Amino acid sequence: MPKVRVRFAPSPTGYVHVGNARTALFNWLFARHHGGVFALRIEDTDVERSKEEYEKQLLEDLLWFGLDWDEGPDKGGPYGPYRQSERRALYSEYAAKLIAQGDAYYCFCSAEQLEAERQEELKAGRQPRYSGRCRKLNAEEAARRKTAGEPAAVRLKILESSFFWNDLVHGPTVFSSEVIGDPILVRSEGNPAYSYAVVIDDHLMEISHVIRGDDHISNTPRQLALYRALGWEPPAFAHLSTILGSDRARLSKRHGATSLQSFREMGILPEALRNYLALLGWSPADGKTEILSPSELVAQFSLDHITKSPAVFDNDKLHWLNRHYMKECPPGRLVELAVPYLEKVGYLAGHPGADVLAWVERVLAAVLKNISSLTQLPEAVQVIFEFDVERARATPEFQELLADSGARKVLKAFIPKILMENPLTYERFREIAKAVQKETGKKGKDLFHPIRVAVTGAASGPELEKLVPLYEAGSKLPLAHHVKSVAERLREFAEAAGL
Ligand code: GLU
């Protein structure tokens, strides 16, 4: 195999969609697997839609996603510039060359004329394609008109009757040229067409493999025609299948989160998204491993195991992987990621000190198994931060508890004993519960259910063994939202319950 040089070539016209993120990932994995080069090229020839802030966001999103590039607009490289808007001179140079050698021609047809022809073709039930009218013009005459200032596009002469390439995903692929009219290379106002700029760039950047979405399959023939006209060897092509939503329609915004940014906001870890997207259309050689660390992905990635059929985006599986990676995440990093979520709901504020962060780490350990993304964190930690006895009073658990004489007995014995403890440790909490067991004859659920409801305000949740020390430690910390100690909770409870 020649030296692997691949590129990700996004247009900065919006946020990075999962489909593009997967394309970027496959290119990156392929480059890293083969010790090749991964280049980032910004396709910003659509001046109206391309925006600098999108480009900035794009670079940031890719870095968040964990992809680094060897060459790109921000770091340069031997084949720069890496922004198409800065490569216009090259596009003009090769367009002039193609015209001079008779492989391209000026086209003076107006947009209205072309549209009228298109409509006619459609009406006649034919697939519209350019009639080739200007191909017949005398070249010298056309050059004169162009020099005289008449607006003209540059079109490539399609000479082949069919196109063939061995797609690395779809296998041997044939296209008849019947549906392909002479394509525009440079528009009359001077903008290069996508299929033209992409060929010039891929060749000059010595791209060995073009790995991209299969929405570009139908562009490949005209790109091959350009390689032929320029006498260049085309790269290998691999067209990745479309990503579908659960209803099997092309994944789009209406399916919910689809941009890298939205997954980030949802609290999905980049390594989880990377693992998930790698499996969207690719599988490791054993066909079944689902959890692959970043280095395992690089080691195992190959274009041989990419499926042709569309892949269906499965949010549950993404969350399942996210749960796994949250558990694997070094606690310090998880705390860092979690803090903004806790700040957003007012539980933390400012720059939490080391003691607060150490406590947050314990909070996370207590609730981690109940969440599959960080957005669920504020709700999961309510059991720690909130204790609203009025709200608890309205719940059936509370009502049932108070109607149960056994439960009342347990709490009447338990609460005063706890209130005498200061500080309260979990060991003492246990010992007091044991003493109450002896005193009341209640054990197991009959003992611990009332205690849990009274202390936490809820019938279920993390183990008391974890909660009690968190309440005690949290109540002494300078948090933006006060965490009530066990005693504070029980005092409120006893009052509300008339115990
Ligand atoms: N700018 C194109 C896109 O965003 C790149 C296509 C290609 O990789 O050739 O779809």
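Residues numbered from 1 in each chain as written. Predicted model: local features only at pLDDT ≥ 70, side-chain atom pairs only at ≥ 80, totals over all residues. Heavy atoms only, no water.

Engineer: In this structure, what is going on with unusual backbone geometry? I would like to understand it.
Structural biologist: A negative phi angle is the norm for most residues apart from glycine, just as the trans form is the norm for most peptide bonds. Put simply, G80 and P81 share a cis peptide bond, and its omega is -5 degrees. If you trace the backbone, P81 turns up in the loop between α2 (52–65) and α3 (88–100). One non-glycine residue, E206, adopts positive backbone phi at about 55 degrees. Inspection of the secondary structure assignment puts E206 in the loop between α6 (194–204) and β8 (209–213). Using a relative accessible area of 48% as the deciding quantity, one classes E206 as partly exposed. (Helix = DSSP H or I, 4+ residues; strand = E, 2+ residues; numbered from the N terminus. Buried < 20%, exposed > 50% of the residue type's maximum accessible area, 1.4 Å probe, protein only.)

Engineer: Is there a simple way to explain helix α9 (residues 270–278) in this structure?
Structural biologist: The periodicity of an α-helix, 3.6 residues per turn, causes residues three or four places apart in sequence to face the same way. With nine of its nine residues buried, α9 lies for the most part within the structure. The set of residues buried in α9 consists of P270, E271, A272, L273, R274, N275, Y276, L277 and A278.

Engineer: Mind showing me how you'd approach the packing of aromatic side chains here?
Structural biologist: Both the distance between ring centres and the angle between the ring planes are used here to describe each pair of aromatic rings. The full count for this structure, using the stated rule, is 14 aromatic pairs. With 5.4 Å between their ring centres and 85 degrees between their planes, Y15 and Y54 make a pair best called edge-to-face. Placement of the pair is Y15 in the loop between β1 (5–8) and α1 (18–33) and Y54 in helix α2, with a sequence separation of 39 residues. By relative accessible area, Y15 is classed as partly exposed at 48%. Feature note: the residues F26, W282 and F301 constitute an aromatic cluster, connected by ring pairs. Lying over the aromatic face of F108, R145 brings its terminal NZ or CZ to 4.0 Å of the ring centre. (Phe/Tyr/Trp six-rings, centres within 6.5 Å; stacked < 30°, edge-to-face > 60°. Lys NZ or Arg CZ within 6 Å of the ring centre and 35° of its normal.)

Engineer: Just checking my understanding: could you explain the side chain of Q84 for this structure?
Structural biologist: Mapped onto the elements of the fold, Q84 is located in the loop between α2 and α3. In this structure the side chain of Q84 is engaged in a polar contact, spanning 3.1 Å, whose partner is the side chain of E43. A distance of 2.8 Å separates polar atoms of two side chains, one belonging to Q84 and the other to D201. Ignoring sequence-local partners within four residues, the contact set of Q84 consists of R41, I42, E43, D44, T45, Y91, A197, V198 and D201. (Polar contact = N/O pair within 3.5 Å; in protein donor to acceptor, adjacent residues only side chain to side chain. Contact = heavy atoms within 4.5 Å.)

Engineer: What is the right way to read the nonpolar core from this model?
Structural biologist: Where a protein is soluble and globular, its nonpolar side chains tend to be buried together. Judged by nonpolar contacts, the single largest core of 117 residues is most densely connected at L277, F313, W359, I384, F429, I451 and F493. If you tally residues by element for this core, the top one is α1, at nine residues. Ignoring any residue separated from it by four or fewer positions in sequence, one finds I451 in contact with V410, L411, F414, F429, A433 and L464. Y91, V154, L224 and F237 belong to the second-largest nonpolar core, a separate cluster that totals 36 residues. (Core = buried A, V, L, I, M, F, W, Y, C linked by side-chain atoms within 4.5 Å.)

Engineer: Quick question: what am I supposed to make of the packing of helix α17 (residues 396–403) against helix α22 (residues 486–497) here?
Structural biologist: Each pair of packed helices can be described by the angle between their axes along with the distance between the axes. Across the interface, α17 lies against α22 with an axial gap of 12 Å and an inter-helix angle of 70 degrees. With respect to α22, the axis of α17 lies roughly perpendicular. As for the relative orientation of α17 and α22, their crossing is right-handed in sense. For the pair α17 and α22, contact is made by F398, L401 and L402 and by F493, A496 and A497, respectively. Of the residues in the contact of α17 with α22, the class split is six nonpolar, no polar and no charged. (Axes fitted to C-alpha atoms, helices over the stretch in contact; angles between N-to-C directions. Parallel < 35°, antiparallel > 145°, perpendicular 65-115°, else oblique. Left-handed = near helix turned anticlockwise from the far one by under 90°. Nonpolar A, V, L, I, M, F, W, Y, C, P; charged D, E, K, R; others polar.)

Engineer: How do you make sense of the layout of surface pockets when you look at a structure like this?
Structural biologist: Unfilled space is identified by rolling a water-sized probe across the atoms. Here the largest pocket is characterised by a volume of approximately 670 Å³. What lines the largest pocket is a set of 31 residues, among which G19, N20, T23, D215 and H216 lie closest to the centre. Elements that contribute at least two residues to the lining of the largest pocket include exactly β1, α1, α6 and β8. Considering every element that reaches the lining of the largest pocket, the biggest residue donor is α1, with five residues. When grouped by side-chain class, the residues that make up the lining of the largest pocket number twelve nonpolar, twelve polar and seven charged. (1 Å grid on protein atoms, 1.4 Å probe; cavity = no way out; pocket = protein on both sides within 12 Å on 5 of 7 lines; lining within 4 Å. Points joined across faces, edges and corners; volume = space filled by probe spheres on them.)

Geometry only, nothing functional implied.
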